[in-house]
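Residues per chain are reported as follows:
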Amino acid sequence: MKSLAILAFVLAASSAAVAGPADPSKFDSTPYKPQKALYDFNFAKPLDGKAAFGYVKNHLKALQEYGDAKNSRIVIVAHGNELHAFSRKNRDAYPGMYEALKELADAGVSIRVCSNAARSRGYKPDEFYDVVTVVPAAVSELAKYQNEGYSYMYAEMFPRLTREELVKQHPELQ
């Protein structure tokens, strides 16, 4: 009986050692507890803010599917050129931006704009959409939320490379 247990152990250990680069990855669906996340938006191009909403939407979706979305909190602090698209004065240049901001706000996301960044770009605090809250300073706002235990998230924007594009660059992957 003892030798059977040893044999079972050796077989189990050896099968783990055989795993290698051809074996599939695992999926961890451990439920997420409530989260507090702070997204720092500081983009070069006005529409990069809208593109970065994808990060926030994916975060919300993961919490809805695998966690506690109801008790989670997400905040965006914006202080880059995305502010142009967040201003109601520029609605004609950035159609659909209000609806995108409102969708996030309706999902419980707090969208905050730095008044210093707004002023330096030629805006007054009341020239943004109604779903946006203008705050004194982005740096102070970021510190405030981090002091409250929010996780800092920076959504950097860069061109997405698909698997298909990668295979074109590396024909040996076909």
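Residues numbered from 1 in each chain as written. Predicted model: local features only at pLDDT ≥ 70, side-chain atom pairs only at ≥ 80, totals over all residues. Heavy atoms only, no water.

Next up on the list: the environment of G96. Structurally, G96 is set in the loop between α3 (83–86) and α4 (97–106). Using a relative accessible area of 29% as the deciding quantity, one classes G96 as partly exposed. Distance from G96 to A85, taken between C-alpha atoms, is 9.7 Å for residues 11 residues apart in sequence. (Helix = DSSP H or I, 4+ residues; strand = E, 2+ residues; numbered from the N terminus. Buried < 20%, exposed > 50% of the residue type's maximum accessible area, 1.4 Å probe, protein only.)

Moving on: the packing of helix α2 (residues 48–66) against α4. In the contact formed by α2 and α4, the axes pass within 11 Å of each other and the chain directions differ by 25°. Here α2 lies roughly parallel to α4, going by the angle between them. Seen from above, α2 lies across α4 with left-handed handedness. Across the interface between the two elements, K50, F53, V56, K57 and L60 of α2 pack against M97, A100, L101, E103 and L104 of α4. Its residues assigned to classes, the contact of α2 with α4 shows 7 nonpolar, no polar and 3 charged. (Axes fitted to C-alpha atoms, helices over the stretch in contact; angles between N-to-C directions. Parallel < 35°, antiparallel > 145°, perpendicular 65-115°, else oblique. Left-handed = near helix turned anticlockwise from the far one by under 90°. Contact = heavy atoms within 4.5 Å. Nonpolar A, V, L, I, M, F, W, Y, C, P; charged D, E, K, R; others polar.)

Okay, the environment of P95 next. Within the secondary structure layout, P95 lies in the loop between α3 and α4. Look at P95 and you get exposed, because its relative accessible area is 59%. For the pair formed by P95 and A85, sequence separation is 10 residues and the distance between their alpha carbons is 8.9 Å.

Attention now moves to the packing of aromatic side chains. Scanning the entire structure with this criterion turns up 7 aromatic pairs. Residues Y145 and Y150 carry aromatic rings whose centres are separated by 4.9 Å and whose planes lie at 80° to one another, so their mutual orientation is edge-to-face. This pair shows no difference in class: Y145 is buried, exactly as Y150 is. Pairwise contacts between aromatic rings join F41, F43, F53 and F86 into one cluster. (Phe/Tyr/Trp six-rings, centres within 6.5 Å; stacked < 30°, edge-to-face > 60°.)

By size, the foremost hydrophobic cluster in this structure holds 40 residues, and its most contacted members are F41, F53, V56, I76, F86 and L101. Elements that contribute at least two residues to this core include exactly β1 (36–41), α2, β2 (73–78), α3, α4, β3 (110–114), α5 (115–120) and α6 (138–147). Excluding its chain neighbours within four sequence positions, the residues that come into contact with F86 are F41, F53, A78, M97, L101, I111, V113, F128 and Y129. (Core = buried A, V, L, I, M, F, W, Y, C linked by side-chain atoms within 4.5 Å.)

Mapping S87 onto the fold places it in the loop between α3 and α4. Classification of S87 by relative accessible area gives buried; the value is 0%. For S87, the residues in contact, after removing those within four places along its chain, are Y123, E127, F128 and Y129.

In terms of strand pairing, β3 meets strand β4 (residues 132–135) through 4 bridges, oriented parallel. Considered in β4, the bridge of I111 is made with V132. In this fold, β3 hands off to α5, which returns the chain to β4; that crossover is right-handed. (Pairing = 2+ DSSP bridges. Right-handed = clockwise from strand over helix to strand, strands pointing away.)

A separate point is the sheet that holds strand β5 (residues 151–154). A sheet is described by the order of its strands in space; here 5 strands give the open sequence β4-β3-β2-β1-β5, paired in parallel fashion. Only two strands of the sheet have a single partner each, and these edge strands are β4 and β5. Within this sheet the neighbouring strands show an average axis-to-axis angle of 25°, counted without direction. This element, α2, spans β1, β2 and β5 of the sheet and lies at about 170° to β1.

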